[in-house]
Amino acid sequence: DGGITQSPKYLFRKEGQNVTLSCEQNLNHDAMYWYRQDPGQGLRLIYYSQIVNDFQKGDIAEGYSVSREKKESFPLTVTSAQKNPTAFYLCASTDAHQATNEKLFFGSGTQLSVL
Amino acid sequence: LAKTTQPISMDSYEGQEVNITCSHNNIATNDYITWYQQFPSQGPRFIIQGYKTKVTNEVASLFIPADRKSSTLSLPRVSLSDTAVYYCLVGRFYNQGGKLIFGQGTELSVKP
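Report on the accompanying structure. Fair warning: this is a prediction, and the values are worked out from it, not measured in the lab. (Residues numbered from 1 in each chain as written. Chains lettered and ligands numbered in written order. Predicted model: local features only at pLDDT ≥ 70, side-chain atom pairs only at ≥ 80, totals over all residues. Heavy atoms only, no water.)

A short note on the state of the cysteines
Working step 1: One pass over the structure, following the stated rule, counts two disulfides over all chains.
Working step 2: Between the sulfur atoms of A:Cys23 and its disulfide partner A:Cys91 the distance amounts to 1.9 Å. When the S-S torsion is -75 degrees, as for the bridge of A:Cys23 with A:Cys91, the disulfide is left-handed. With a gap of 68 residues between them, A:Cys23 in strand β3 (residues 19-25) and A:Cys91 in strand β9 (residues 87-94) connect regions that are remote in the sequence. A:Cys91 carries the same exposure label as A:Cys23, and that label is buried.
Working step 3: Across the disulfide from B:Cys22 sits B:Cys88; the S-S distance is 2.3 Å. Residues B:Cys22 and B:Cys88 share a disulfide whose torsion about the S-S bond is about -80 degrees; that sign makes it left-handed. Here B:Cys22, found in strand β2 (residues 18-23), pairs with B:Cys88, found in strand β8 (residues 84-91); they are 66 residues apart in sequence, far enough to count as distant.
Working step 4: With relative accessibility at 0%, the residue B:Cys22 sits in the buried group.
Working step 5: According to the relative accessible area criterion, B:Cys88 is buried, its value standing at 0%. (Disulfide = S-S within 2.5 Å. Helix = DSSP H or I, 4+ residues; strand = E, 2+ residues; numbered from the N terminus. Buried < 20%, exposed > 50% of the residue type's maximum accessible area, 1.4 Å probe, protein only.)

Dropping the structure here:
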């Protein structure tokens, strides 16, 4: 089945530790996204990538880093500089080349908590 | 970027029709209007998308007036399983250079 896979489902971070969230898609989409969701809040854009080897900062990029070395993969690293990392993280992708019917496909999310 | 405004929450009862309105005064000429549904601890999923007038699928209808400054998602005969957060997303990939921003969403609670 085609889709987006996020792993792990739950992740715990210790003080001063960097952690990496995985996002893989087999939809052959060029564009990929990372959103952060806090309890009772909407989705806030962290980073996005329109194409391989290129990515841009979203509205809340501080304390996060990404890479896009392969079309199907867009890992997110939560660095020790992110002082409040506890949140639900969502990865998404879209086929930006469709003439009509643009839509985002989301993974099932990773819940990150601080120990 | 088109800023969207939705009610924070709505309540309904099973079997009723629910209409959720999204305001987007600065929508660009060729922006799409797309609605997503999100259940707790899951990723949002696409419900419906439109450009102008009315669109209907097996799940919902989307009404868009001529000036396109607002849109209304209509859910017919809701059930308890429609309890979720609904997001209106206005934009188009190349209009925003790929930057797609969500609003706060509307939390719909369906009661028996």
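As for the interface of chain B and chain A
Working step 1: In this assembly, 23 residues from chain B lie in contact with 26 residues from chain A.
Working step 2: Summing both sides of the interface, chain B and chain A together bury roughly 2,000 Å²; the carbon and sulfur share of this comes to 51%.
Working step 3: Across the pair B:Lys99 and A:Asp59 runs a salt bridge, and its minimum N-O distance is 3.0 Å.
Working step 4: Where chain B meets chain A, there are six residue pairs in polar contact (both at pLDDT 80 or more).
Working step 5: Only β3 (32-38), β4 (45-50) and β8 of chain B provide two or more residues apiece to the side of chain B that touches chain A.
Working step 6: Here the side of chain B that touches chain A gets four residues from one element, more than from any other, and that element is β3(B).
Working step 7: Split into classes, the residues belonging to the side of chain B that touches chain A amount to 11 nonpolar, 10 polar and two charged. (Contact = heavy atoms within 4.5 Å. Buried area = accessible area lost by both parts, 1.4 Å probe. Salt bridge = Lys/Arg side-chain N within 4 Å of Asp/Glu carboxyl O. Polar contact = N/O pair within 3.5 Å; in protein donor to acceptor, adjacent residues only side chain to side chain. Nonpolar A, V, L, I, M, F, W, Y, C, P; charged D, E, K, R; others polar.)

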